[in-house]
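Chains, contacts and geometry: an overview
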Amino acid sequence: MIPYEFSRQAGLPVLCWPAFAGQPLDAVVTTREGGVSAGRYESLNLGLHVGDEEVRVLANRLRVAACLGAVLDDFVFCDQAHNRNVVVVGAEHRGRGARTRGTAIPDTDALVTATPGVVLVVMVADCVPLILYDPVAHVVACVHAGWGGTVRGVTTNAVATMVRLGAQPGRITAGIGPAVAPDRYQVGDDVADAARAAFDGAVAGMIRPDGNGRWLFNLWEANRRQLCAVGVPADQIHLADLPTGKGTAFFSHRAEQPCGRFAAVARLHERSRA
């Protein structure tokens, strides 16, 4: 099975994982294409916090909603803080952060739901987006994992939260999305040391010297290992190893700031729609 593919949904280009095909689930990653924003934010910027015109951002978000056959007030956004906090959301959270940043769920980097119809969103522009799904428990998570969230264990906490809703790690399928390429993600000693502490020193293949006194950090590999460590089978982890940055389909804060944000978006359907 190919790990990822691009498609068009209601005319909007998105990345998806064939591993989720046939499930009562929407699970996509948007690109920088298909929107109305201009200049540094061209064109499908979904972030209200990056300096783009609000009216354009909302128009872009409406396009994403249309691509899912949803409405914007079904969406739930979180105000991401590079921590390990996970929030379980339900119907009562619909619309949080969808039209104004101030109503987003605060201080949170992963959302989990067992409620069909609620659309989960995490926004990224170098950090790792993940979608996790257990088809038996019918529970889904969207995770934002930058280096801070990764070393603090946001991905493993998202799995633990799913388990509390009836999921089992061995049944979870994981889609890992585009992020900063490992050969471009330079970090200092503080980040490298935090990674060593988080992985008990076992960072071969994850942290390596860049030749200039700094380090290169493979966020994809770090999150893959965390999923495996909590029992997600390696063959159920599907990596879209596509880099962010200029000349790619995905915004990069490091390379292009100010710039837009793309997103991982997930929604459960009623099982009868499977």
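Further up the page is the structure itself.
Remember, it's a predicted structure, so these values are computed and weren't measured experimentally. (Residues numbered from 1 in each chain as written. Predicted model: local features only at pLDDT ≥ 70, side-chain atom pairs only at ≥ 80, totals over all residues. Heavy atoms only, no water.)

1. Some remarks on the overall build of the chain
- Across its full length, the chain holds six helices and 15 strands.
- The C-alpha radius of gyration of the chain comes to 17 Å, within 12% of the 19 Å expected for a compact globule of 274 residues.
- Sorting the 274 residues of the chain into buried and exposed places 55% on the buried side.
- Nonlocal contacts in the chain, meaning residues at least 24 apart in sequence, comprise 66% of its contacts between residues at least 6 apart.
- Surface accessibility of the chain: about 10,700 Å² in total, with carbon and sulfur atoms responsible for 50%.
- Computed over 26 positive and 26 negative side-chain charges, the separation of the two mean positions in the chain equals 1 Å. (Helix = DSSP H or I, 4+ residues; strand = E, 2+ residues; numbered from the N terminus. Rg over C-alpha atoms; globule rule 2.2 N^0.38 Å. Buried < 20%, exposed > 50% of the residue type's maximum accessible area, 1.4 Å probe, protein only. Contact = heavy atoms within 4.5 Å. Areas by Shrake-Rupley, 256 points an atom, 1.4 Å probe, with all protein chains shown as cover. Lys, Arg positive; Asp, Glu negative; His and termini not counted. Charge placed at Lys NZ, Arg CZ, Asp CG, Glu CD.)

2. Re the pattern of salt bridges
- Here the structure, examined in full by the defined rule, presents ten salt bridges.
- Arg101 is the salt-bridge partner of Asp79, the closest N and O atoms lying 3.2 Å from each other. Highlighted residues: Asp79 in the loop between β4 (75-76) and β5 (86-88) and Arg101 in the loop between β5 and β6 (110-113), separated in sequence by 22 residues.
- Note on Asp79: relative accessible area 26%, which makes it partly exposed.
- Assessed through its relative accessible area of 45%, Arg101 is described here as partly exposed.
- With a shortest N-O distance of 3.1 Å, Arg171 and Asp134 are connected by a salt bridge. Of the two residues, Arg171 sits in the loop between α3 (154-164) and β10 (173-176) while Asp134 sits in strand β8 (residues 128-134), which places them 37 residues apart along the sequence.
- Looking at Asp134, the relative accessible area reads 0%, which means it is buried. (Salt bridge = Lys/Arg side-chain N within 4 Å of Asp/Glu carboxyl O.)

3. As for the side chain of Asn157
- Note on placement: Asn157 falls in helix α3.
- Setting aside anything within four residues of it in sequence, one finds Asn157 in contact with Arg84, Asn85 and Val86.

4. Focus on the sheet that holds β5
- Spatial strand order, β5-β6-β9-β8-β10-β14: six strands in an open sheet with mixed pairing. Two strands in the sheet have a free side with no partner beyond their single neighbour: β5 and β14 (237-239). Across the sheet, the mean angle separating the axes of adjacent strands is 15 degrees when strand polarity is ignored.
- As judged from the four bridges shared by β6 and strand β9 (residues 139-145), these two strands associate in the antiparallel manner. Note that in β9 the partner of Val112 across the bridge is Ala141. (Pairing = 2+ DSSP bridges. Axes fitted to C-alpha atoms, helices over the stretch in contact; angles between N-to-C directions.)

5. Remarks on helix α5 (residues 219-229)
- Those residues of α5 lying buried are Leu219, Trp220, Glu221, Ala222, Asn223, Gln226 and Leu227.
- Capping the start of α5, Asn218 holds a side-chain oxygen 3.2 Å from the backbone nitrogen of Trp220, two or three residues further along.
- Gly231 lies just past α5 and shows a positive phi near 105 degrees. (Polar contact = N/O pair within 3.5 Å; in protein donor to acceptor, adjacent residues only side chain to side chain.)

6. Here's the deal with the sheet that holds strand β2 (residues 12-16)
- Read across the sheet, six strands follow the order β1-β2-β3-β15-β7-β4 without closing on themselves; strand pairing throughout is mixed. Two strands lie at the open edges of the sheet, namely β1 (5-9) and β4, each paired on one side alone.
- Relative to strand β15 (residues 262-268), strand β7 (residues 119-124) is paired through six bridges, and the arrangement is antiparallel. Paired with Val122 across the bridge in β15 is Ala264.
- Along the sheet, helix α1 (residues 54-68) makes contact with β1, β2, β3 (25-30), β4, β7 and β15, crossing β2 at roughly 65 degrees.

7. Points about unusual backbone geometry
- Ser43 follows Glu42 through a cis peptide bond whose omega is -5 degrees.
- Phi at Asp200 is positive, roughly 55 degrees, even though this residue is not glycine.
- Looking at the element boundaries, Asp200 is found in the loop between α4 (189-198) and β12 (207-209).
- For Asp200, a relative accessible area of 74% puts it in the exposed group.

8. What about the packing of α3 against α5?
- Look at α3 against α5: their axes get within 9 Å of each other, and the N-to-C directions meet at 35 degrees. As for how α3 packs across α5, the hand of that crossing is right-handed. On α5, the residues that touch Thr155, Thr156 and Val159 of α3 are Asn223, Gln226 and Leu227.
- Across the contact of α3 with α5, the residue classes tally to two nonpolar, four polar and no charged. (Left-handed = near helix turned anticlockwise from the far one by under 90°. Nonpolar A, V, L, I, M, F, W, Y, C, P; charged D, E, K, R; others polar.)

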